[in-house]
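In case you want the letters, here they are:
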Amino acid sequence: MSGAGKSTLVRCINLLEKPTSGSVFIDGQDISKITEKELRTVRYSVGMIFQQFNLLMQRTAEKNILFPLEIAGVDKETAQKRTAELLELVGLPDKAKAYPSQLSGGQKQRIAIARALANNPKILLCDEATSALDPSTTNAILKLLKEINLKLGITIVIITHEMSVVEQICSHVAIIDKSQIAEDGDVEDIFRNPKTDIAKKMIFSEGDQGPVIMGKNTYRIVFDERSSSDSVMAKMILETKCLVNILHADMKNIDGFTFGQMVIQLPEDELSAARAINYLRSHQITVEEVGSHVG
Amino acid sequence: MWDSSMTALIVQGTFETLYMTLASTLLAYVIGLPMGVLLVTSDSEGIVPMKVLNQVLNIVVNITRSIPFLILLIAVIPLTRLITGTTIGSTATIVPLVIAAAPFIARLVESSIKEVDYGIIEASLSMGASPIQVVTKVMIPEAKPSLIIGAAIATTTILGYSAMAGIVGGGGLGDIAIRFGYYRYETGMMVITVVLLVLIVQLFQEVGMKIAQKQDRRK
């Protein structure tokens with residue numbers, strides 16, 4: 001949600017924003033207690049990309065990537081070599097001499113990513129890095145980030161309001177609401193079983209308006225990667241003879257595991273409803289009654 | 001009324017005007033550019049907030065800018081004599097011109113640098129840039145087109161001031177205009193000097209704009 005404090009939080013990680021209280025640890029080092037000069041050295045190893053790209057407009061793509069290397073005092077020859085490598089990595093070797101104003105949004109973000117990686121950071125901070133991009137460009141950038149994460153082993157911290165971004169490339173998620181971490185954990189766990197209202201709201205309202213839940217006896221059932229492969233719903237209906245009304249169904253692929261959720265309405269008849277629930281639970285499927293929290 | 005000595009006079013006046021203007025602009029930038037940068041960086045929202053320095057700079061700039069140039073010209077005569085050993089001629093005029101122009105330039109530089117998107121400055125800080133690196137590698141290069149336009153404005157303003165120095169025998173085209181056009185009612189001389197001044201202003205302005213446009217990579 002906007003104004004929750006996402007960007008403030010990410011700016012605290014590299015101390016662009018000084019926390020009024022508390023400490024920031026990077027690799028066991030409390031960076032809130034070190035001198036400005038030491039902090040600058042720490043910042044060499046923490047790359048950052050932004051929603052508005054923030055490239056130097058008066059420098060070519062290549063010179064933008066050279067910039068952090070100049071700052072860190074890397075010698076010219078090494079810096080040139082590194083720049084060429086990075087242009088290759090982000091797939092824009094032919095744009096070396098182009099100015100940012102001649103690049104598209106996606107290309108600008110690729111150059112910004114290359115720039116952020118120049119000094120071989122351990123962490124890459126992304127502040128709404130895809131929010132200014134169209135969906136297909138967003139996907140391409142996310143793919144690149146994932147590749148960087150896997151290939152170079154860089155920890156990536158992504159700030160976003162788009163749950164689809166989290167779903168696509170994150171392994172851990174923390175949901176922030178009104179300056180507080182509402183919920184955090186593995187993406188799979190949170191998506192499968194959001195506990196707080198804000199998490200439920202964010203996960204449910206993704207894409208369409210979310211399921212419209214009316215009436216009683218409404219349940220949310222969650223499949224994990226094991227149960228989504230066999231047709232457990234159909235079997236349940238056949239075996240229990242319970243008439244199920246499917247209100248909402250959504251299947252997602254997270255980090256190579258398929259999981260999905262469904263909102264169903266069971267008959268008023270308590271006995272057959274209980275039978276259905278028992279059947280599902282006996283197949284290790286999470287079933288929970290849902291109130292009218294989705295509006 | 002017209003002879004070759006007049007032509008020589010005009011040519012000499014033109015050179016004096018150009019000399020005063022360019023030398024003063026250059027020296028005024030030596031003082032004004034760092035002042036302008038400090039005005040931005042020492043601001044409470046700047047990269048190195050320094051409240052006292054910022055206030056002092058603002059007061060100095062505002063006071064100097066509110067003194068009419070003609071008054072300043074006369075008021076700094078002792079200083080002028082101290083520095084140049086004389087109070088008349090084009091070299092002597094450079095002293096009050098620099099004093100008047102430096103704070104004006106500081107404001108021009110300040111506004112140019114403030115045009116640079118703060119996101120870019122923040123990005124450079126996130127990469128570990130020191131304040132000096134932010135100034136020399138980000139603020140000034142990114143503001144370059146705007147700084148060049150500012151320089152064209154500064155030069156033409158200083159040219160106007162230099163003509164005023166003619167009142168106290170400052171040399172240059174302004175001096176000629178006052179001595180011949182005003183004291184001796186030689187309208188011809190007056191017209192020639194004014195036309196020349198207009199042409200020089202046009203030239204500086206046009207050249208400045210052209211360079212700024214060429215340097216601008218934002219579009």
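For the structure itself, consult the block above.
What you see is a predicted model, and the numbers here were worked out from it, not measured in a lab.

(A) Local environment of the overall build of chain A. A tally of helices and strands in chain A yields eleven helices and eleven strands. Scored against the burial criterion, the 295 residues of chain A give a buried share of 48%. Taking the intrachain contacts of chain A between residues at least 6 apart in sequence as the baseline, contacts between residues at least 24 apart amount to 67%. Per element, the accessible surface of chain A, about 14700 Å² overall, is 51% carbon and sulfur.

(B) Representation of the interface of chain B and chain A within the structure. Across the boundary between the two partners, chain B contributes 24 residues, which contact 22 residues of chain A. Summed over both partners, the interface of chain B with chain A comes to about 2000 Å²; 57% of that surface belongs to carbon and sulfur atoms. Among the residues chain B hides against chain A, the three largest losses belong to Ser126, Met127 and Arg217 of chain B. Together they make up 32% of the total. Summed over the shared surface of chain B and chain A, the result is two salt bridges. Residues arginine 11 of chain A and glutamate 122 of chain B are paired through a salt bridge, measuring 2.8 Å at the closest nitrogen-oxygen approach. Among the secondary structure elements, those contributing two or more residues to the side of chain B that touches chain A are α6 (118-126) and α7 (131-142) of chain B. With seven residues, the single largest contributor to the side of chain B that touches chain A is α6 of chain B.

(C) Region of interest: the sheet that holds strand β5 (residues 155-159) of chain A. Residue and element names in this part refer to chain A. Judged by pairing direction, the sheet is parallel, and its three strands sit side by side in the order β3-β4-β5 without closing on themselves. For this open sheet the edge positions go to β3 (46-50) and β5, each flanked by a neighbour on one side alone. Between one strand and the next, the sheet's axes are offset by a mean angle of 15 degrees, whatever the strand orientation. Pairing of strand β4 (residues 123-127) with β5 involves five bridges; the strand directions are parallel. Within β5, the residue paired with leucine 124 across the bridge is isoleucine 156.

(D) Main features of the packing of aromatic side chains. Residues and elements named next belong to chain B. Under the definition given, this model contains two aromatic pairs over all chains. Taken together, a centroid distance of 4.6 Å and an interplanar angle of 10 degrees make the contact between phenylalanine 69 and tyrosine 161 stacked. Taken together, the residues span a long stretch of sequence, with phenylalanine 69 in helix α3 (residues 69-75) and tyrosine 161 in helix α8 (residues 144-164) at a distance of 92 residues. Its relative accessible area of 5% is what places phenylalanine 69 among the buried residues.

(E) Spotlight on helix α4 (residues 76-89) of chain A. Residues and elements named next belong to chain A. A rise of 1.5 Å per residue sets the reference length of α4, with its 14 residues, at 20 Å; its end C-alpha atoms lie 20 Å apart and thus fit the reference within 8%. Residues of α4 that are buried include every one of Ala79, Arg82, Thr83, Leu86 and Leu87, and no others. Angular distribution of buried residues about the axis of α4 spans 135 degrees; they occupy a single face of the element. Exposed residues lying more than 90 degrees from the buried face of α4 are Glu77, Lys81 and Glu88. Those residues of α4 hidden inside the fold are in contact with α3 (61-71) and α5 (105-117). Where α4 ends, the next residue or the one after it, glycine 91, has phi of about 75 degrees, a positive value.

Basis of the calculations
Per chain, residues are indexed from 1 in the order of the written sequence. Chains carry letters from A onward and ligands carry numbers from 1 onward, assigned in written order. Owing to the predicted nature of the model, reporting of local features is limited to residues with pLDDT of at least 70; listing and counting of side-chain atom pairs is limited to 80 or more, with chain, interface and lining totals taken over all residues. Excluding hydrogens and water, the side-chain values take into account all heavy atoms of the structure. The numbering of helices and of strands both runs from the N terminus, where a helix is a DSSP run of H or I of at least 4 residues and a strand a run of E of at least 2. Three labels apply to residues, based on accessible area from a 1.4 Å probe with only protein chains included: buried if under 20% of the type maximum, exposed if over 50%, partly exposed otherwise in between. Contacts are assigned to residue pairs with any non-hydrogen atoms lying within 4.5 Å of each other. Each accessible area is a Shrake-Rupley result for a 1.4 Å probe, and residues are judged covered by the shown protein chains and nothing else. In short, buried area is how much 1.4 Å probe accessible area vanishes from two parts on joining, totalled over both. Any Lys or Arg side-chain nitrogen found within 4 Å of a carboxyl oxygen on Asp or Glu counts as a salt bridge. For two strands to be treated as a pair, DSSP must find no fewer than two bridges joining them. Every angle, taken between N-to-C directions, lies between 0 and 180 degrees, and every axis is a line fitted to C-alpha atoms, over only the stretch in contact when it is a helix. A pair of Phe, Tyr and Trp rings is counted when the ring centres sit within 6.5 Å of each other, with Trp represented by its six-membered ring. The angle between the planes then sorts it: under 30 degrees is stacked, over 60 is edge-to-face, the rest tilted. To estimate the expected span of a helix, count its residues, drop one, and scale the result by 1.5 Å. Note that the arc is computed from the directions linking the helix axis to the C-beta atoms.

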